[in-house]
Amino acid sequence: MNFDDVYDNIGHLGTYQQCVVTLIFVSTIFSVEAISMVFVGAEMAHWCRVPALANYSHELQRLVAVPWSNLDDPSTYHQCEMYGLMYERYSQEEILNWNRSKMILETTVTVSCTQWTYDQSVFVSTIVSRFNLVCGSEYLNQLISTIYMFGVLVGVTSSGAVSDKIGRRVALFVYMVVRLVGYAVAFPASHYAMLAVGRFVIGTGTAGVFLTTYVLAAELVGPRVRTAVGVSLQIAFSIGFSLTALLSYTVRDEIKYQMASMGGPAVIT
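Please read these numbers as outputs of a predicted model, since none were measured by experiment.

Draft legend 1. Representation of the side chain of Ser125 in the model. Mapping Ser125 onto the fold places it in the loop between strand E4 (116-118) and helix H7 (127-130). In this structure the side chain of Ser125 is engaged in a polar contact, spanning 3.4 Å, whose partner is the side chain of Asp253. Among residues more than four places away in sequence, those in contact with Ser125 are Met44, Arg252, Asp253 and Glu254.

Put into structure tokens, the structure is as follows:
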């Protein structure tokens, strides 16, 4: 008698097995964390912030303070430079009736931005606006995804040994807690380094949860339904991708988005 013969006596997919597989299925839906960076780290149009012009419309701010990035297309503005003028010296009437051809001379210098205003027509905020990952710092946005994948590497390589040592169910709970800790660190992060650590931990927890649950599901059910259960977990991924897109469409603030993303794993844990 081999191991799989036991299922002929205890059942290939009994009530208990169905309950556990259902929980694993739901857990897998929330294991698509990697795609969230498409929304959390989305680029936002931006231009130099001029405190003296803060009370004027964005369109007027750009007209008055920001040089064109393409002289042949006046609708395109530079994202990292502004005119080095003392706007406090101009009256409200002069600002409102600003004549760019007269006020901006060939000798007018441009300076690099130190603060930015972001276009919130698509996203209210992303990590780009939270940490000003623009104008030479764009690589830090892509680096977050790399750091996350390093976390996935740790989760993938450690989950087998951990689950063999302490058991599948205990290991699953451990990795779920790890993932929640990562969320708790990442979404309120006030510094880039704190966000990077949080994303690394999330990657470790997410990879550990998926691999542990996949093996647990395969070992829990009988050979007659094992293939179907394995395929169903891949379907859960597709559902997760769809829900992630729907969530990002309805929640445009990246902090609120991450809090909402954390809700599912928190309930399951």
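Draft legend 2. Representation of the packing of aromatic side chains in the model. Enumeration according to the criterion identifies 8 aromatic pairs in this entry. Ring centres of Tyr87 and Trp98 lie 6.2 Å apart, and the angle between their planes is 45°; this geometry places the pair in the tilted category. Taken together, the residues Tyr87 in the loop between strand E2 (81-83) and helix H5 (92-96) and Trp98 in the loop between H5 and helix H6 (100-103) connect sequence positions 11 residues apart. According to the relative accessible area criterion, Tyr87 is buried, its value standing at 3%. By relative accessible area, Trp98 is classed as buried at 8%. Each ring, one from Phe131 and one from Tyr192, has its centre 6.4 Å from the other, and the planes form 90°; the classification is edge-to-face.

Draft legend 3. The pattern of salt bridges, seen in detail. The final tally for this structure, using the stated rule, is 3 salt bridges. Of the charged contacts in the structure, one is a salt bridge between Asp164 and Arg168, with a shortest N-O distance of 2.7 Å. What makes Arg168 buried here is its relative accessible area of 19%. Of the charged contacts, one joins Glu219 and Arg168 as a salt bridge, the two residues approaching to 2.9 Å between their closest N and O atoms. With Glu219 in helix H10 (residues 192-220) and Arg168 in helix H9 (residues 168-186), the pair connects residues that are 51 residues apart, well separated along the chain.

Draft legend 4. Structural detail: the nonpolar core. Grouped together as the largest cluster of nonpolar side chains are 46 residues, with contacts concentrated most on Leu53, Tyr87 and Ile127. If near-sequence neighbours (up to four positions away) are discounted, Ile127 is found in contact with Met37, Val40, Gly41, Asn132, Leu133, Asn141, Ile144, Leu195 and Glu254. Counting residues in hydrophobic clusters, the runner-up holds 13 residues, among them Ile24, Met176, Leu220 and Val221.

Draft legend 5. Spotlight on the packing of helix H8 (residues 139-166) against H9. Axis separation between H8 and H9 bottoms out at 7 Å; the angle between their running directions is 135°. In this view, H8 runs oblique relative to H9, as classed from their interaxial angle. Seen along the crossing, H8 lies across H9 with a hand that is right-handed. Residues Gly155, Ser158, Ser159, Val162, Ser163, Asp164 and Ile166 of H8 form the contact with H9, whose participating residues are Arg168, Val170, Ala171, Val174 and Tyr175.

Draft legend 6. How the structure looks around unusual backbone geometry. Notably, Asn132 is not glycine yet its phi reads approximately 50°, a positive angle. Position of Asn132 relative to the elements: it lies in the loop between H7 and H8. Within the chain, Cys135 stands out as a residue other than glycine whose phi angle is a positive 50°. For Cys135, the position within the fold is in the loop between H7 and H8. For Cys135, a relative accessible area of 26% corresponds to the partly exposed category.

Draft legend 7. A look at the state of the cysteines. In total, this model carries 2 disulfides according to the counting rule given. Residue pairing for Cys48: its cysteine sulfur links by disulfide to Cys113, the two sulfurs lying 1.6 Å apart. In this structure, the disulfide formed by Cys48 and Cys113 twists by about -65° around the S-S bond and is classed as left-handed. A residue pair is termed long-range when its members are at least 10 positions apart, and Cys48 in strand E1 (residues 46-48) and Cys113 in the loop between strand E3 (110-112) and E4 qualify at 65 residues. Like Cys113, Cys48 is buried.

Cut-off values and rules
- Residues numbered from 1 in each chain as written.
- Predicted model: local features only at pLDDT ≥ 70, side-chain atom pairs only at ≥ 80, totals over all residues.
- Heavy atoms only, no water.
- Helix = DSSP H or I, 4+ residues; strand = E, 2+ residues; numbered from the N terminus.
- Polar contact = N/O pair within 3.5 Å; in protein donor to acceptor, adjacent residues only side chain to side chain.
- Contact = heavy atoms within 4.5 Å.
- Phe/Tyr/Trp six-rings, centres within 6.5 Å; stacked < 30°, edge-to-face > 60°.
- Buried < 20%, exposed > 50% of the residue type's maximum accessible area, 1.4 Å probe, protein only.
- Salt bridge = Lys/Arg side-chain N within 4 Å of Asp/Glu carboxyl O.
- Core = buried A, V, L, I, M, F, W, Y, C linked by side-chain atoms within 4.5 Å.
- Axes fitted to C-alpha atoms, helices over the stretch in contact; angles between N-to-C directions.
- Parallel < 35°, antiparallel > 145°, perpendicular 65-115°, else oblique.
- Left-handed = near helix turned anticlockwise from the far one by under 90°.
- Disulfide = S-S within 2.5 Å.

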